[in-house]
Amino acid sequence: VLAADKKNADILLELTQAEMEAGRRATALHRLAQARRLTLTDSQLGTAARLYMTMQEYRESLRLFDDLTRRIPEDAKWRNDRGVVLLLLGRKDEAITEFRLALDRNPDLLSAALSLGTLLSSMGREREALDLYDRVLAREVSHDRAMRKKIVAERRLLANSASR
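Residue numbers here run from 1 along each chain, matching the order of that chain's written sequence. With pLDDT at 70 or above as the cut-off, local features in this predicted model cover only qualifying residues; side-chain atom pairs require 80 or more to be listed or tallied, and sums for whole chains, interfaces and linings still use all residues. Only hydrogens and water are removed before side-chain values are computed, so all heavy atoms of the structure are retained for them.

Side note on the overall build of the chain
How we decide: Numbering goes from the N terminus for both helices and strands, where a helix is a DSSP run of H or I of at least four residues and a strand is a run of E of at least two. Three labels apply to residues, based on accessible area from a 1.4 Å probe with only protein chains included: buried if under 20% of the type maximum, exposed if over 50%, partly exposed otherwise in between. The contact rule is simple, with two residues in contact once any of their heavy atoms fall within 4.5 Å. Under the convention used here, a 1.4 Å probe and the Shrake-Rupley method define accessible areas, while residue burial counts only the protein chains that appear.
In terms of regular secondary structure, the chain is built from nine helices and zero strands. Of the regular secondary structure in the chain, the N- to C-terminal order runs α-α-α-α-α-α-α-α-α. Structurally, the chain occupies a C-alpha span of about 55 × 30 × 25 Å along its principal axes. Expressed as a percentage of its 164 residues, the buried residues of the chain come to 40%. Within the chain, residue pairs in contact and separated by at least 24 positions form 50% of the contacts whose partners lie at least 6 positions apart. Surface exposure of the chain reaches about 9,200 Å², of which carbon and sulfur atoms provide 48%.

Observations regarding the pattern of salt bridges
Quick reminder of the rule: When a carboxyl oxygen of Asp or Glu is within 4 Å of a side-chain nitrogen of Lys or Arg, the pair counts as a salt bridge.
Considering all chains together, one arrives at 18 salt bridges under this definition. In this structure, Asp134 engages Arg155 in a salt bridge whose closest nitrogen and oxygen atoms are separated by 2.5 Å. Of this pair, Asp134 sits in helix α8 (residues 126-138) while Arg155 sits in helix α9 (residues 145-162), and the two are 21 residues apart along the sequence. The exposure class of Asp134 is partly exposed, given its relative accessible area of 34%. One network of salt bridges, in which partners are shared, links Asp66, Arg79, Arg82 and Glu98.

A word on the side chain of Arg79
Structurally, Arg79 is set in helix α5 (residues 76-88). Among residues more than four places away in sequence, those in contact with Arg79 are Thr69, Pro73, Glu98, Leu101, Ala102 and Arg105.

With respect to the packing of α8 against α9
If you want to describe how two helices pack, look at the angle between their axes and the distance between the axes. How we decide: Convention adopted: a line fitted to C-alpha atoms gives each axis, helices being fitted over their contacting stretch, and angles between N-to-C directions are expressed from 0 to 180 degrees. Two helices that cross are described as forming a left-handed crossing if the nearer one is turned anticlockwise from the farther one by less than a right angle, and a right-handed crossing if clockwise. By the convention adopted, Pro, Cys, Tyr, Trp, Phe, Met, Ile, Leu, Val and Ala count as nonpolar, Lys, Arg, Asp and Glu as charged, and the other residues, Gly among them, as polar.
The geometry of α8 relative to α9 is characterised by a closest axis approach of 10 Å and an angle of 145 degrees between their N-to-C directions. Along this stretch, α8 crosses α9, giving a crossing that reads as left-handed. Across the interface between the two elements, Glu126, Ala129, Leu130, Tyr133, Asp134, Val136 and Leu137 from α8 touch Arg148, Ile151, Val152, Glu154, Arg155, Leu158 and Ala159 from α9. Residue classes in the contact of α8 with α9 are distributed as nine nonpolar, no polar and five charged.

Encoded structure:
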């Protein structure tokens, strides 16, 4: 990646975020398209994919996450993000597969566990969700206490609903 491309891409991605925050969606999309014409690092490509997702451009976001997961198949965070986009597109079974792949690659990725558990529960698969939460909570993960608290709360809610 050319140093100038990397710097310019960073600037364009920052401008995209600023335009989004200012409510100027068309300008944000234009800035993002400008950034895409440059040679992007994997991290910049991931940022672009997340920006597309935030702007509800799910198909374009999925294209970028597809590229990232092909280039770096072992990266759990890209798998998780791809799962989120698939879920937003209504492709639940594919989303489940991606969340599971993310957890296979990084069992401590609590965001993937929460997404998978919530999705399983919403599909009437409460026992699977409870088992997942129990496995995740049995691990000693301390780097993301807020996400762990969410999982504990979701597990309690699910257990309370199941006992009715």
